[in-house]
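Observations on chain architecture
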Amino acid sequence: MNSGHQHRVFGRRAQEHILILASGDKVRHMTVRPWMAALAFCFVGVFSIGYLLATSYLVLRDDLIGATMARQARMQHDYEDRIAALRAQVDRITSRQLLDQQVVEDKVDKLMEQQMALTSRHGKLDNLLDRAESSGLTEKDGAPRPSSPVQSYAPDVKDKRASLSGSGIEAIEKQLASGAPANATPDNSTLAYVPATDTVGDRADRIFSKVTLSLKDVEQDQRSRVEQLTSDAGNAANAIETVLTRFKIPMPETAARKDDDDAVGGPYVEPESNDGFNNSLAALDGALTRLEAVRSTAESLPFRNPAIGKDVTSPFGNRRDPFLGRLALHSGIDFRFSPGERIRPTAPGKVISAGWTGGYGNMVEIDHGNGISTRYGHMSEVLVKVGDTVDRDDVIGLAGSTGRSTGTHLHYEVRQDGHAVDPVYFMNAGLKLATYIK
């Protein structure tokens, strides 16, 4: 029975739901299918969810709008802060570049000043070195100076100046342009300012430091050589003065000092900078001036041999007179000459006597200043006249045997303050001065 009841229950067909709609006399019905119910349920659910969402939007709209605006404001502030930081960083980089540029310009100005100083020194050195060359100074070991003292005492002055004025600046610019440039656009991932590890100013400092050291080395080398030249000039002047003092020749600087004391003046001008190099140049100028003065005095005196390579037939001093046969003073030195051989003076001077002069025969006397004169006797012919100014290379006459003479020879005589002195003293002094005078 139970099984039959179950069969009847589960086997029974489900009844359909019918929806009846009545309106007046009209009656309508509609069978409700399961799918229709599901569709209606879905529609109601979607509508309910939409309604809830719309209601929530209307309720929360102001909060959402406010939050969005706040987020946009924060983003805008962040971007403005970032832009301000980048602008500040660009300003710092620009300021650093301007400072570096100013540093470089200052360094270049200093370099140009040093170049101008070198140029000025080069002009002064040229003049002083030319004077030193004409003064016949020698090296420390006694060897003659080179024919180009500029290379000996101012090494590569012109080359140094040329390199500073042209290729030196180009080399500096090349070195400034070399290497990695400063990072002017840093990574946007950080706003912190990190200075460049090696800026233009740093490179300029290194380059100009090297150039300055090089210039100082050149200046020190020049100064040491100028000081050595000053010492040589002083030693040469002392040696010449010693010889002149032996012959009681007044020093020219003494007269110069008296003249300076008696006649001085001029407008006031600010003194030059008390630079060590300029002081050394001034010392060299003073030493060369002193050397030129004493050298000029020595070259004007008869310190040379009037007959180089000639035999001496009769020295200075007492001897037996060849004509009288008794003792007499021979006031000069006789040199063997060939007839008609040219005779030249031993120093420049002015002719004060020319022609026949008693026992001298044809004689020429030349005044050399400082109370010293020389006589050349027994000439066959006189080629100068009184008042002529002669130099050492001029021919004043021809050798002969006029006057009290036993054969062709030259009677050479030196007189100081009117008294005859032994010419050998002057010739020996001339040997000592051979390295200082021409």
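Located above this text is the structure these notes cover.
A brief report on the enclosed structure follows. (Residues numbered from 1 in each chain as written. Predicted model: local features only at pLDDT ≥ 70, side-chain atom pairs only at ≥ 80, totals over all residues. Heavy atoms only, no water.)

**Some remarks on the overall build of the protein chain**
- Across its full length, the protein chain carries eight helices and 14 strands.
- With 438 residues in all, the protein chain has 30% of them scored as buried.
- In the protein chain, the proportion of contacts linking residues at least 24 apart, taken out of those at least 6 apart, comes to 69%.
- Within the structure as shown, the protein chain displays about 27,800 Å² of accessible surface, and the carbon and sulfur contribution to it stands at 56%. (Helix = DSSP H or I, 4+ residues; strand = E, 2+ residues; numbered from the N terminus. Buried < 20%, exposed > 50% of the residue type's maximum accessible area, 1.4 Å probe, protein only. Contact = heavy atoms within 4.5 Å. Areas by Shrake-Rupley, 256 points an atom, 1.4 Å probe, with all protein chains shown as cover.)

**Re the side chain of threonine 346**
- Here threonine 346 is to be found in the loop between strand S7 (342–343) and strand S8 (349–356).
- Within polar-contact distance, the side chain of threonine 346 engages the side chain of tyrosine 412 at 2.9 Å.
- In contact with threonine 346, not counting residues within four places along its chain, are Leu301, Pro302, Arg304, Asn305, Pro306, Thr374, Tyr376, Arg392 and Tyr412. (Polar contact = N/O pair within 3.5 Å; in protein donor to acceptor, adjacent residues only side chain to side chain.)

**Quick word on the pattern of salt bridges**
- Summed over all chains, the structure comprises eight salt bridges.
- Residue glutamate 413 pairs with arginine 375 through a salt bridge whose shortest N-O separation is 3.8 Å. Of the two residues, glutamate 413 is situated in strand S13 (residues 409–416) and arginine 375 in strand S10 (residues 372–382); the sequence distance between them amounts to 38 residues.
- We classify glutamate 413 as buried; its relative accessible area is 0%.
- Here arginine 375 falls in the buried class, since its relative accessible area comes to 17%.
- As a salt-bridge pair, glutamate 413 and arginine 415 come within 2.5 Å of each other at their nearest N and O atoms.
- Several salt bridges converge on common partners, so that one network encompasses Glu365, Arg375, Glu413 and Arg415. (Salt bridge = Lys/Arg side-chain N within 4 Å of Asp/Glu carboxyl O.)

**Details of the packing of helix H2 (residues 34–134) against helix H7 (residues 276–299)**
- With their axes 10 Å apart at the nearest point, H2 and H7 run at an angle of 25° to one another. In terms of orientation, H2 and H7 fall into the roughly parallel class. In the crossing of H2 with H7, the sense of the turn from one axis to the other is left-handed. For the pair formed by H2 and H7, the contact residues are Arg121, Lys124, Leu125, Leu128, Arg131, Ala132 and Ser134 on the first element and Phe277, Asn278, Leu281, Leu284, Asp285, Leu288, Thr289, Glu292 and Arg295 on the second.
- Residue composition of the contact of H2 with H7, by class: seven nonpolar, three polar and six charged. (Axes fitted to C-alpha atoms, helices over the stretch in contact; angles between N-to-C directions. Parallel < 35°, antiparallel > 145°, perpendicular 65-115°, else oblique. Left-handed = near helix turned anticlockwise from the far one by under 90°. Nonpolar A, V, L, I, M, F, W, Y, C, P; charged D, E, K, R; others polar.)

**Some details on the nonpolar core**
- Of all hydrophobic cores here, the largest spans 48 residues; its most connected members are Leu244, Phe303, Ile343 and Ile396.
- Only H2, helix H5 (200–246), H7, strand S6 (333–336), strand S9 (362–369), S10, S13 and helix H8 (423–432) provide two or more residues apiece to this core.
- In contact with phenylalanine 303, other than residues within four places in its own chain, are Val243, Leu244, Phe247, Ala298, Phe426, Met427, Ala429, Gly430 and Leu433.
- If you look at the next biggest cluster of nonpolar residues, it comprises eight residues, including Leu111, Leu118, Ile207 and Val211. (Core = buried A, V, L, I, M, F, W, Y, C linked by side-chain atoms within 4.5 Å.)

**Thoughts on the environment of phenylalanine 337**
- Relative to the assigned elements, phenylalanine 337 resides in the loop between S6 and S7.
- For the pair phenylalanine 337 and leucine 410, spaced 73 residues apart in sequence, the C-alpha to C-alpha distance is 6.5 Å.
- Each residue touching phenylalanine 337, except ones within four places of it in the same chain, is listed here: Pro306, Ala307, Lys310, Arg342, Ile343, Ala399, Thr408, His409 and Leu410.

**So, a negative patch on the surface**
- Together, Glu105, Asp106, Asp109 and Glu113 make up a negatively charged patch on the protein surface.
- With respect to the helices and strands, the residue aspartate 109 is situated in helix H2. (Patch = residues over 30% accessible without salt bridge, like charges linked within 9 Å, V, L, I, M, F, W, Y side chains within 5 Å. Lys, Arg positive; Asp, Glu negative; His and termini not counted. Charge placed at Lys NZ, Arg CZ, Asp CG, Glu CD.)

**Topic: the packing of aromatic side chains**
- Tallying each qualifying case throughout the model produces four aromatic pairs.
- Each ring, one from phenylalanine 303 and one from phenylalanine 426, has its centre 5.6 Å from the other, and the planes form 35°; the classification is tilted. Taken together, the residues span a long stretch of sequence, with phenylalanine 303 in the loop between H7 and strand S3 (312–314) and phenylalanine 426 in helix H8 at a distance of 123 residues.
- Judged by relative accessible area, phenylalanine 303 falls into the buried class, the value being 2%.
- The interplanar angle of 45° and the centroid separation of 5.5 Å between the aromatic rings of tyrosine 376 and tyrosine 412 together place this pair among those described as tilted. Pair noted here: tyrosine 376 is in strand S10 and tyrosine 412 is in strand S13, with a separation of 36 residues, a long-range link.
- Residue tyrosine 412 is classed as buried on the basis of its relative accessible area, which comes to 0%.
- Joined through ring pairs, the aromatic side chains of Phe247, Phe303 and Phe426 make up one cluster.
- A cation over a ring is seen here: lysine 310 above phenylalanine 337, with NZ or CZ 5.1 Å from the ring centre. (Phe/Tyr/Trp six-rings, centres within 6.5 Å; stacked < 30°, edge-to-face > 60°. Lys NZ or Arg CZ within 6 Å of the ring centre and 35° of its normal.)

**Let's talk about the side chain of threonine 402**
- Secondary-structure assignment places threonine 402 in the loop between strand S12 (397–399) and S13.
- Taking relative accessible area as the criterion, threonine 402 reaches 18% and is therefore assigned buried.
- Within the structure, threonine 402 has its side chain in polar contact with the backbone nitrogen of asparagine 362 (distance 3.0 Å).
- Those residues in contact with threonine 402 that sit more than four places away from it in its chain are Trp356, Gly359, Tyr360, Gly361, Asn362, His378, Met379 and Ser380.

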